[in-house]
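Below are the chains, spelled out letter by letter.
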Amino acid sequence: ISVRDQPAAKLPGKWKVMIFLDDKPLATNYFFINGVVQQARNKAFAVVIGISEYQHEDPERLPNLNYADDDAKAFQNALRKLGWSRSHIKTLINKEANRREIVDAIESFLSKAGPDDMILLYWSGHAYPDPENTEKIYLACYDTDINRPSTGYRMDRVRQDLEEHKAKHVVMIADTCHAGKLMTRGIGIAPYMGPL
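If you're wondering where the values come from, they're calculated on a predicted model, not measured in any experiment. (Residues numbered from 1 in each chain as written. Predicted model: local features only at pLDDT ≥ 70, side-chain atom pairs only at ≥ 80, totals over all residues. Heavy atoms only, no water.)

**Details of the nonpolar core**
Across soluble globular proteins, nonpolar side chains show a tendency to be buried alongside one another.
Here comes step 1: With 31 residues, the main nonpolar core has Ile49, Ile102, Leu110, Trp123 and Tyr153 as its most contacted residues.
Here comes step 2: Mapped onto this core, the elements with two or more residues apiece are strand E3 (44-50), helix H3 (99-107), strand E5 (118-124), strand E6 (127-130), strand E7 (133-139) and helix H4 (155-164).
Here comes step 3: Looking at which element gives the most residues to this core, the answer is H3, with 4 residues.
Here comes step 4: Beyond its immediate chain neighbours, meaning those up to four positions away, isoleucine 49 contacts Ala72, Leu92, Ala97, Ile102, Leu121, Tyr122, Trp123 and Ser124.
Here comes step 5: Membership of the second largest hydrophobic core comes to 12 residues, among which are Ala72, Leu79, Ile89 and Ile93. (Core = buried A, V, L, I, M, F, W, Y, C linked by side-chain atoms within 4.5 Å. Buried < 20%, exposed > 50% of the residue type's maximum accessible area, 1.4 Å probe, protein only. Helix = DSSP H or I, 4+ residues; strand = E, 2+ residues; numbered from the N terminus. Contact = heavy atoms within 4.5 Å.)

**A short note on the pairing of strand E4 (residues 89-93)**
Here comes step 1: Among the 5 residues that make up E4, 4 are buried, leaving the element largely enclosed by the rest of the structure.
Here comes step 2: Sheet topology places E3 next to E4; 5 bridges connect them, and they run parallel. If you follow glycine 50 over to E4, its bridge partner there is isoleucine 93.
Here comes step 3: Viewed along the sheet, the connection from E3 through helix H2 (residues 68-81) into E4 turns out right-handed. (Pairing = 2+ DSSP bridges. Right-handed = clockwise from strand over helix to strand, strands pointing away.)

**Points about the side chain of asparagine 98**
Here comes step 1: Secondary-structure assignment places asparagine 98 in the loop between E4 and H3.
Here comes step 2: When its relative accessible area of 18% is taken as the criterion, asparagine 98 is described as buried.

**Some words on H2**
Here comes step 1: Between the first and last C-alpha of H2 there are 20 Å, a value that for 14 residues agrees with the 20 Å anticipated at 1.5 Å per step.
Here comes step 2: Within H2 the residues assigned to the buried category are Ala68, Asp69, Ala72, Phe75, Gln76 and Leu79. For H2, the arc enclosing every buried residue in end-on projection is 125°, short of the 170-degree limit, so these residues lie on one face.
Here comes step 3: Phi for glycine 83, located one or two positions after H2, is positive at around 100°. (Expected span 1.5 Å × (residues − 1). Arc of directions from axis to C-beta.)

**A short note on the confidence of the model for the protein**
Here comes step 1: Across the protein, the average pLDDT comes to 83, with 75% of residues at or above 70.
Here comes step 2: Averaged pLDDT values for the elements of the protein fall to 42 in helix H1 (residues 35-42) and rise to 98 in E4.
Here comes step 3: Taken together, the stretch residues 36-42 has pLDDT below 50 and engages in 14 contacts with residues farther than four places along the chain or on a different chain.
Here comes step 4: The low-confidence segment residues 184-196, where pLDDT is below 50, has 12 contacts with residues more than four positions distant or belonging to other chains. (pLDDT = per-residue confidence, 0-100.)

**With respect to the pairing of E6**
Here comes step 1: Examined bridge by bridge, E6 and E7 share 4 bridges and lie antiparallel to one another. Along E7, the bridge assignment pairs proline 129 with isoleucine 137.
Here comes step 2: With antiparallel pairing between neighbouring strands as the criterion, E6 and E7 make up a hairpin whose turn holds 2 residues.

**What to know about the side chain of histidine 165**
Here comes step 1: Within the fold, histidine 165 resides in the loop between H4 and strand E9 (169-175).
Here comes step 2: On the basis of relative accessible area, histidine 165 is assigned to the buried category, the value being 13%.
Here comes step 3: Here the side chain of histidine 165 touches isoleucine 106 through a polar contact of 2.6 Å, landing on its backbone oxygen.
Here comes step 4: Aside from chain neighbours lying at most four places away, what touches histidine 165 is Ile106, Glu107, Leu110, Ser111 and Ile119. (Polar contact = N/O pair within 3.5 Å; in protein donor to acceptor, adjacent residues only side chain to side chain.)

Here it is, written out as structure tokens:
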């Protein structure tokens with residue numbers, strides 16, 4: 001039995017073939033179709049950010065963290081083990097995760113994604129509200145000065161920048177305080193069930 005050039009060949013996953021004789025099962029065999037899975041992985045782009053050390057560390061309001069950078073490295077390694085192409089992952093750790101590099105990664109690197117592709121943003125680090133307007137929540141970049149809130153990256157701006165790419169599948173993972181502010185009212189959320 002062959003599924004080559006058949007519609008079923010485009011359906012990735014684990015398949016089971018059962019052979020019957022006079023309604024009695026004789027044999028069962030399993031196989032995988034993975035060509036479409038690999039294609040999907042090649043059309044997924046990720047920005048992975050982990051910041052444990054801050055240039056303008058403040059023990060009270062912006063202390064250095066213990067594991068944010070290691071978590072980001074582990075997440076990047078997990079994507080690689082799942083088959084993601086190295087050229088489709090942009091990882092920024094500590095000093096590399098300054099505001100300029102982060103904006104460039106989200107606005108330029110992710111622009112490689114097409115409308116049917118997937119974009120993934122992973123951010124591990126601090127987030128903080130603007131003391132003058134607590135509705136404005138910022139993600140802290142490596143070079144953020146907590147005394148000047150706008151030196152961070154506003155969460156609503158992150159979301160807007162991701163939406164401008166018009167990719168159908170956008171996944172945001174934020175291991176930060178105030179991460180709920182990444183979502184806004186009136187936005188429909190559905191789980192992503194496709195391949196990573």
